Amino acid sequence: MTGDQNEKHRWRVVIVDDHALFRQGIAAGIGSRMEIVGEADDVAPAIELIMAEAPDVVLLDVHLPSGLGGEVIAGVAARTDTSPSRYLGLSVSDAPEDVLGLVRAGARGYVVKRIDATELVDAICQVAEGNAVFSPKLAGFVLDAFAAEPSASAGAYEGESDEQSDIDLLTPREREVMQHLARGYTYKEIGLELHISARTVETHASAVLRKLQLSNRHELTHWAARHRIV
Amino acid sequence: MCSSSGWRETVVVSVAEAEPPLRKRLLKLAEQAGKRGNPSRPKPGQATTSTSGRIVGGVAGLLAARLGASPLVVRVAFAILGLAGGVGVVLYLGLWLVGPDPSRTPRPRTLRHDLGVVAATASILATTFILMPTVPAALIGPMGFVAFALAFSAGPEIGADLISGRAFGRIVVGLVLMFGGLFAGVAALGDIGQIWVISAAIAAVTVGGGVVLAPWLRQLIDGASLDRVERIRAEERSDIAAHLHDSVLQTLTLIQNRSDESHVVSSIAYQQERELRRWLYEQSGSEDGTQSEDSGSLRTELTRVASAVEDDYLVVVDLVFVGEAQLSLVALNALIGAVREALINAAKFAETDTISLYAEIDDERALAFVRDRGVGFDPDAVPDDRRGIADSIVDRIERVGGTTRIRSTPATGTEVRMEVPL
């Protein structure tokens with residue numbers, strides 16, 4: 001169970017945020033459970049720090065002074081293929097327009113900045129173990145953007161392989177998981193509710209995250225355009 | 001558990017974090033003010049005079065640019081048209097008067113300009129004689145004076161020059177020449193009784209005065225609209241400052257005063273954050289007309305109810321909404337009413353500060369879940385005299401053919417599931 005690992009494993013964490021007060025707040029909140037190996041306040045120093053420290057998890061602000069948080073992920077990816085670091089977005093709001101770009105750039109999810117320390121520790125553990133972190137809002141957005149089953153329009157894609165259209169669809173189970181996440185359930189609670197293991201719930205969530213990152217669904221682009229993000 | 005008061009202080013930071021969007025919003029406001037209040041900004045398809053490479057008024061250069069022709073060709077065309085019945089001159093003056101002046105920087109006097117004045121003089125003179133072939137030869141000199149005065153005085157920068165005091169002499173010289181020419185004409189003619197001469201004189205004075213004053217007047221108008229843009233911007237700024245003062249700064253003061261009460265601080269900060277967001281983004285939404293478009297929809301109504309409960313009970317309602325479909329008014333009212341009651345129950349009794357509200361609508365039904373992680377209760381153990389849940393939630397939903405399910409345990413809190421058919 002992940003709960004036991006939370007207690008034992010001190011993940012190495014880097015905090016990237018341009019507000020020193022906020023970084024201090026986080027460090028104070030999670031310092032007893034995580035090892036804070038560094039802090040950065042902008043894109044370039046963050047890339048250097050991540051390259052040097054190879055932390056398990058990077059807490060990454062959506063907006064940095066000289067660019068978006070996604071540029072940090074891209075910057076590290078451009079320097080090395082073997083970075084072990086995983087990214088958890090930090091957003092002031094949970095308006096998905098702030099976060100979709102970060103998730104599409106490779107973050108394993110995001111949390112809002114007013115999250116309390118216990119929940120943040122849980123989210124960091126999820127990300128460190130390679131799982132996805134869905135806020136209720138992000139889950140709601142996924143439900144809005146992805147069709148439940150092949151629709152007439154999905155069938156109209158010509159010459160696209162099955163693999164391609166799989167990325168654009170949620171399985172009924174994934175949809176159930178997303179609905180429960182949107183209702184404020186944790187993975188563990190969803191497992192109890194759906195009579196599956198929490199591990200399986202995590203697998204479903206990760207699969208949905210991958211679809212969110214890889215899909216070219218027109219809803220995603222449409223939505224992004226409507227909210228003026230790329 | 002790390003919910004120390006030190007951690008809660010980060011809530012304050014999250015309000016400060018709203019700065020980048022605020023800055024964006026301010027920029028947008030400034031931009032809108034600029035668009036609204038600056039009519040002299042050239043728009044596509046509107047005649048403007050050309051700033052660069054102009055000789056007199058810049059009309060020919062601009063027209064050439066618009067037609068894709070060489071400015072020289074256009075100038076020659078104007079000259080020919082000017083000689084052939086004065087059409088060119090009238091056209092030129094017309095375009096020049098109508099076209100707003102995009103530049104507000106005085107252009108240096110050049111030989112080209114002086115040659116242009118001479119050419120314009122000749123053109124006006126020629127036009128006069130073509131239009132009025134019976135003008136006695138004695139008038140050529142005075143008419144020349146008037147024409148030169150007109151051409152000399154006319155210049156787009158006259159207003160700016162006048163304001164700076166530089167062109168005062170030029171305008172005086174122009175006016176003296178003009179009236180001198182007029183009186184010389186009358187004197188040369190000798191016979192004041194000839195109506196048409198007087199008419200011509202009056203026309204000359206009027207046109208001359210108009211030409212002298214027109215650019216200056218236009219400059220004044222342009223200047224006034226610049227002032228207006230400045231004023232609108234200043235008003236926007238003071239509007240924003242006033243709002244921030246009434247809301248954010250007050251809240252920050254409140255937070256400083258009560259910094260030891262972490263629960264109060266986080267409530268205040270969250271409330272302020274939400275209010276600021278609403279002010280920043282919904283204002284712009286209503287400008288686009290997107291806000292009124294779906295008023296009365298389930299999404300809008302749920303947002304309203306959630307905000308109201310947040311404000312009244314100092315809790316956070318995490319609203320997630322999925323789907324798009326229209327609910328009948330009766331079903332909508334029933335569902336909204338039930339959701340409000342469920343939220344208020346959670347806010348009052350669950351002893352938690354966060355409530356999840358998830359709603360989903362498709363072609364068959366609308367679903368809403370209100371969930372808290374609070375203390376929970378035993379639904380069967382609720383005494384009969386506490387009719388709150390039964391009346392306010394279950395009955396409302398049942399009256400429109402829907403179903404309610406309430407699950408609550410002391411360990412995991414409460415979830416109310418409400419479903420109504422479309």
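Our subject is the structure that appears above.
Worth saying up front: this structure is predicted, and the values here are computed from it rather than measured.

Bringing the overall build of chain A into the picture now. Looking only at helices and strands, chain A has 13 helices and 7 strands in total. Each of the 230 residues in chain A was classed as buried or not, and the buried ones make up 53%. When contacts within chain A are restricted to residue pairs at least 6 apart in sequence, long-range pairs at least 24 apart make up 67% of them. Working note: accessible area of chain A is about 9,900 Å², and carbon and sulfur atoms make up 52% of it.

Further remarks concern the overall build of chain B. When you go through chain B residue by residue, the secondary structure sums to 16 helices and 5 strands. Out of the 422 residues belonging to chain B, those deemed buried represent 42%. Counted over contacts in chain B with a minimum sequence separation of 6, partners at least 24 positions apart contribute 70%. Carbon and sulfur atoms provide 63% of the accessible area of chain B, an area that totals close to 21,800 Å².

Residue and element names in this part refer to chain A. For the pair helix α11 (residues 187-194) and helix α12 (residues 198-214), interaxial distance at closest approach is 8 Å and the crossing angle is 110°. Relative to α12, α11 is oriented roughly perpendicular. Between α11, through Tyr 187, Lys 188, Ile 190 and Gly 191, and α12, the contact on the second element is made entirely by Ala 198, Val 201, Glu 202 and Ala 205.

Turning our attention to the packing of aromatic side chains. What the rule picks out here adds up to 1 aromatic pair over all chains. Here the basic side chain of A:Arg183 rests over the ring of B:Phe369, its NZ or CZ set 3.5 Å away from the ring centre. A cation over an aromatic ring shows up here: B:Arg371 above the ring of A:Tyr185, its NZ or CZ 4.1 Å from the ring centre.

Let us now look at the interface of chain B and chain A. How big an interface is tends to be expressed through the accessible area that disappears when the partners come together. Contact with chain B, which involves 27 residues of that partner, is made by 34 residues of chain A. Together, the buried faces of chain B and chain A total about 2,800 Å²; carbon and sulfur atoms form 54% of this surface. Note that B:Glu415 is salt-bridged to A:Arg183, the shortest N-O span being 2.7 Å. On inspection of chain B and its partner chain A, the count reaches 11 residue pairs in polar contact (both at pLDDT 80 or more). Take the side of chain B that touches chain A: its biggest share by element is 6 residues, from strand β1 (residues 316-322) of chain B. The residue makeup of the side of chain B that touches chain A, split by class, is 12 nonpolar, 4 polar and 11 charged.

Residue and element names in this part refer to chain B. Counting buried positions along strand β3 (residues 365-372) yields 8 of 8 residues, so the element is predominantly enclosed. Burial along β3 is two-sided: Arg 365, Leu 367, Phe 369 and Arg 371 facing one way and Ala 366, Ala 368, Val 370 and Asp 372 facing the other are all buried. Relative to β3, strand β2 (residues 354-361) runs antiparallel, the two sharing 7 bridges. What sits directly across from Ala 359, in β3, is Ala 368. The antiparallel pairing of β2 with β3 creates a hairpin that spans 3 residues between the two strands.

All names here are of chain B. Pairing is mixed across the open sheet formed by 5 strands, whose spatial order is β1-β2-β3-β5-β4. Both edges of this open sheet fall to β1 and β4 (403-409), since each of them pairs with a single strand only. The sheet shows a mean angle of 10° between the axes of neighbouring strands, taken without regard to direction. The sheet contacts of helix α14 (residues 298-313) involve β1, β2 and β3, and relative to β1 the element is tilted by about 175°. Helix α15 (residues 329-349) rests against β1, β2, β3 and β5 (413-421) of the sheet, and its axis sits at about 175° to β5.

Let's shift gears to the side chain of A:Gln179. Locating A:Gln179 in the fold gives a position in helix α10 (residues 172-182). Among residues more than four places away in sequence, those in contact with A:Gln179 are A:Leu143, B:Tyr358 and B:Glu360.

With that out of the way, let us pick up the pattern of salt bridges. All chains considered together, the criterion is met by 20 salt bridges over all chains. Note that A:Arg173 and A:Glu176 form a salt bridge whose closest N and O atoms lie 2.9 Å from each other. Taken together, the residues span about one helical turn, with A:Arg173 and A:Glu176 both in helix α10 at a distance of 3 residues. Residue A:Glu176 is classed as partly exposed on the basis of its relative accessible area of 29%. The partner of A:Glu193 in a salt bridge is B:Arg407, with the nearest N and O atoms 3.2 Å apart. Here the residue A:Glu193 occupies a position in helix α11, and B:Arg407 occupies one in strand β4, the pair thus bridging two chains. Salt bridges sharing partners connect three or more residues here, namely A:Arg183, A:Glu193, B:Arg405, B:Arg407 and B:Glu415.

A few words now on helix α6 (residues 117-128) of chain A. Given a rise of 1.5 Å per residue, 12 residues ought to cover 16 Å, and the 16 Å separating the end C-alpha atoms of α6(A) matches this to within 8%. Looking at the residues trailing α6(A), positive phi occurs at A:Gly130, about 85°.

The next thing to look at is unusual backbone geometry. Residue and element names in this part refer to chain B. The phi dihedral of Leu 314 is positive, around 55°, even though this residue is not glycine. Backbone geometry places Glu 351, a non-glycine residue, at a positive phi of 60°. Its place among the elements puts Glu 351 in the loop between α15 and β2.

Here the focus is the sheet that holds strand β2 (residues 35-40) of chain A. All names here are of chain A. An order of β2-β1-β3-β6-β7 is seen for the 5 strands of this open sheet, with the pairing classed as parallel. Of all strands in the sheet, those with a lone pairing partner are β2 and β7 (110-112), marking the two edges. When the angles between neighbouring strand axes are averaged without regard to direction, this sheet yields 25°. With 5 bridges joining them, strand β1 (residues 12-16) and β2 adopt parallel strand pairing. When the bridges of β2 are listed, Val 14 appears paired with Gly 38. Together, β1, β2, β3 (57-61) and β6 (86-91) form the strand contacts of helix α2 (residues 20-30), whose direction differs from that of β2 by roughly 175°.

With that out of the way, let us pick up the packing of α10(A) against α12(A). All names here are of chain A. Direction vectors running N to C along α10 and α12 enclose 95°, while the axes themselves pass 9 Å from each other. As summarised for this structure, α10 and α12 are arranged roughly perpendicular, according to the angle between their axes. Along its contact with α10, which presents Arg 173, Glu 174, Val 177 and Met 178, the element α12 presents Val 201, His 204, Ala 205, Ala 207, Val 208 and Lys 211. Classifying every residue of the contact of α10 with α12 by side-chain character gives 6 nonpolar, 1 polar and 3 charged.

Moving on: the pairing of β3(A). Residue and element names in this part refer to chain A. In terms of burial, β3 is a largely internal element, 5 of the 5 residues being buried. Neither face of β3 is exposed, since Val 57, Leu 59 and Asp 61 on one face and Val 58 and Leu 60 on the opposite face are all buried. Two strands pair when backbone bridges link them, and β1 and β3 are joined in this way by 4 bridges, in the parallel orientation. Following the sheet pairing, Ile 15 is matched in β3 by Leu 59. In this sheet, β6 lies alongside β3 in parallel orientation, the contact comprising 5 bridges. Counted as the bridge partner of Asp 61 is Leu 90 from β6.

This next bit is on a nonpolar patch on the surface. There is a patch of nonpolar side chains on the surface, built from B:Leu72, B:Val76 and B:Ile80 and spanning about 300 Å² of accessible area. By the secondary structure assignment, B:Val76 is in helix α5 (residues 71-83).

Conventions and cut-offs
- Residues numbered from 1 in each chain as written.
- Chains lettered and ligands numbered in written order.
- Predicted model: local features only at pLDDT ≥ 70, side-chain atom pairs only at ≥ 80, totals over all residues.
- Heavy atoms only, no water.
- Helix = DSSP H or I, 4+ residues; strand = E, 2+ residues; numbered from the N terminus.
- Buried < 20%, exposed > 50% of the residue type's maximum accessible area, 1.4 Å probe, protein only.
- Contact = heavy atoms within 4.5 Å.
- Areas by Shrake-Rupley, 256 points an atom, 1.4 Å probe, with all protein chains shown as cover.
- Axes fitted to C-alpha atoms, helices over the stretch in contact; angles between N-to-C directions.
- Parallel < 35°, antiparallel > 145°, perpendicular 65-115°, else oblique.
- Phe/Tyr/Trp six-rings, centres within 6.5 Å; stacked < 30°, edge-to-face > 60°.
- Lys NZ or Arg CZ within 6 Å of the ring centre and 35° of its normal.
- Buried area = accessible area lost by both parts, 1.4 Å probe.
- Salt bridge = Lys/Arg side-chain N within 4 Å of Asp/Glu carboxyl O.
- Polar contact = N/O pair within 3.5 Å; in protein donor to acceptor, adjacent residues only side chain to side chain.
- Nonpolar A, V, L, I, M, F, W, Y, C, P; charged D, E, K, R; others polar.
- Pairing = 2+ DSSP bridges.
- Expected span 1.5 Å × (residues − 1).
- Patch = residues over 30% accessible without salt bridge, like charges linked within 9 Å, V, L, I, M, F, W, Y side chains within 5 Å.

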